[in-house]
Amino acid sequence: MPVIDLNADLGEGFGVWRLGDDDAMLGIVSSANVACGFHAGDPAGLLQVCRSAAERGVRIGAQVSYRDLAGFGRRFIDVAAEDLVADLVYQIGALQAIARAAGSSVSYVKPHGALYNTIVDHAEQGAAVAEAVRMVDAKLPVLGMAGSAFFDEASRRGLRTVAEAFADRAYDPTGRLVSRREPGAVLHDPATVAQRVVTMVTTGQVTAIDGTQISVGVESVCVHGDSPGAVQIAAAVRDHLKTAGAEIRAFC
């Protein structure tokens, strides 16, 4: 019986602006990637999300980002490595305090948006992210893409790496995510997405956007909390996985 983690990006509102249905998603996922204030999230909202996660036994992860509130962390920033390290240490530390105040703790770290995609190939920034995690707590696992420069750098520092696949994002033939600017980059039909995830988990394969079959590492599946119909998609993924005999459980 395969064991799989379901994660979602949560706490991504800001002030009076709410994004997604965090409470509903916390009833579905086993791990919550909680924003740390640099791409989204305000202290009061993050405390509320962490409290809800703690009450439901959902693991809390620090979702670290470039300093890019206006762009929701989806724009590449050519930041110096030492500055990126400091930014990430700051974000992880802030969420650690909020999670502790909520009766829980930060259990892992996951980069967000453009930073996530950049460190698939950008060794310098990948090293900066890995070094920031090591400096804060070398026991924290990191969630990311298998085969990435980030994972190479994390492994060099003795960090545990957890391979992630995306339920509702298209892959190109190289195994990278298709840019959100491209048509077909985000999938929306719950049944289609759910069956795709079952195939990923049971076979380690996914159909790329050009129709080719590619290998995908998957210990955790991301179901985006801000997509249209996110709750319905996440529920369908969970239900299909359980029907296929999978156990939904946090990886840490």
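The sections below set out a description of the structure shown in this document. (Residues numbered from 1 in each chain as written. Predicted model: local features only at pLDDT ≥ 70, side-chain atom pairs only at ≥ 80, totals over all residues. Heavy atoms only, no water.)

Attention now goes to the packing of helix α2 (residues 43–56) against helix α3 (residues 81–101). When two helices pack together, their arrangement is given by the angle between the helix axes and the distance between those axes. Orientation of α2 relative to α3, taken along the N-to-C sense of each, is 50°, at an axis distance of 8 Å. By the angle class used here, α2 and α3 are oblique. Taken as a pair, α2 and α3 cross one another with a handedness that is right-handed. Of the residues in α3, those in contact with Pro-43, Leu-46, Leu-47 and Cys-50 of α2 are Leu-95, Ile-98, Ala-99 and Ala-101. (Axes fitted to C-alpha atoms, helices over the stretch in contact; angles between N-to-C directions. Helix = DSSP H or I, 4+ residues; strand = E, 2+ residues; numbered from the N terminus. Parallel < 35°, antiparallel > 145°, perpendicular 65-115°, else oblique. Left-handed = near helix turned anticlockwise from the far one by under 90°. Contact = heavy atoms within 4.5 Å.)

This part takes up the layout of surface pockets. Sizing a probe to match a water molecule and rolling it over the atoms shows the empty space that remains. Roughly 500 Å³ of internal volume is contained in the largest pocket. Taken together, the elements giving at least two residues each to the lining of the largest pocket come down to β4 (106–111) and α4 (113–118). When residues in the lining of the largest pocket are grouped by element, the largest group, 5 residues, is from α4. Across the lining of the largest pocket, the residue classes tally to 9 nonpolar, 8 polar and 11 charged. If you add up the space inside the second largest pocket, you get close to 240 Å³. Contributing elements (two or more residues each) for the lining of the second largest pocket: α1 (22–26) and α2. For the lining of the second largest pocket, the element with the most residues is α2, which contributes 5 residues. Considering only residue class, the lining of the second largest pocket consists of 4 nonpolar, 7 polar and 6 charged. (1 Å grid on protein atoms, 1.4 Å probe; cavity = no way out; pocket = protein on both sides within 12 Å on 5 of 7 lines; lining within 4 Å. Points joined across faces, edges and corners; volume = space filled by probe spheres on them. Nonpolar A, V, L, I, M, F, W, Y, C, P; charged D, E, K, R; others polar.)

What follows deals with the packing of aromatic side chains. All chains considered together, the criterion is met by 5 aromatic pairs. Ring geometry for Tyr-108 versus Phe-251: centroids 5.0 Å apart, planes at 65°, classification edge-to-face. Linking Tyr-108 in strand β4 with Phe-251 in the segment after β10 (247–248), this pair joins segments that are 143 residues apart in sequence. Across this residue pair, the class does not change: Tyr-108 and Phe-251 are buried. (Phe/Tyr/Trp six-rings, centres within 6.5 Å; stacked < 30°, edge-to-face > 60°. Buried < 20%, exposed > 50% of the residue type's maximum accessible area, 1.4 Å probe, protein only.)

Of all 5 residues making up strand β2 (residues 31–35), 5 are buried, and the element is well covered by its neighbours. On β2, burial covers both faces: Ser-31, Asn-33 and Ala-35 on one face and Ala-32 and Val-34 on the other are all buried. Pairing of strand β1 (residues 3–10) with β2, which is carried by 4 bridges, proceeds in the parallel orientation. The partner of Asn-7 across the bridge, within β2, is Ser-31. Assessed by its sense of winding, the connection that carries the chain from β2 through α2 to strand β3 (residues 59–64) is right-handed. (Pairing = 2+ DSSP bridges. Right-handed = clockwise from strand over helix to strand, strands pointing away.)

Bringing the pattern of salt bridges into the picture now. For the structure on display, the rule yields 13 salt bridges. One salt bridge in this structure joins Glu-131 and Arg-157, with 2.9 Å as the shortest N-O distance. Here the residue Glu-131 occupies a position in helix α5 (residues 123–137), and Arg-157 occupies one in the loop between α6 (149–156) and β6 (161–166), the gap between them amounting to 26 residues. Judged by its relative accessible area of 26%, Arg-157 falls in the partly exposed class. Between Arg-156 and Glu-153 there is a salt bridge whose closest N-O contact spans 3.0 Å. Placement of the pair is Arg-156 and Glu-153 together in helix α6, with a separation of 3 residues, close to one helical turn. Judged by relative accessible area, which is 60%, Arg-156 ranks as exposed. Since its relative accessible area comes to 13%, Glu-153 is described here as buried. Taken together, the salt bridges that share partners define one network made up of Glu-131, Arg-134, Glu-153, Arg-156 and Arg-157. (Salt bridge = Lys/Arg side-chain N within 4 Å of Asp/Glu carboxyl O.)

This part takes up the environment of Val-129. Among the secondary structure elements, Val-129 is positioned in helix α5. Its relative accessible area of 0% is what places Val-129 among the buried residues. For the pair formed by Val-129 and Val-64, sequence separation is 65 residues and the distance between their alpha carbons is 9.0 Å. In this structure Val-129 touches Leu-84, Leu-88, Pro-111, Leu-115, Ile-119 and Phe-150, once residues within four positions along its chain are discounted.

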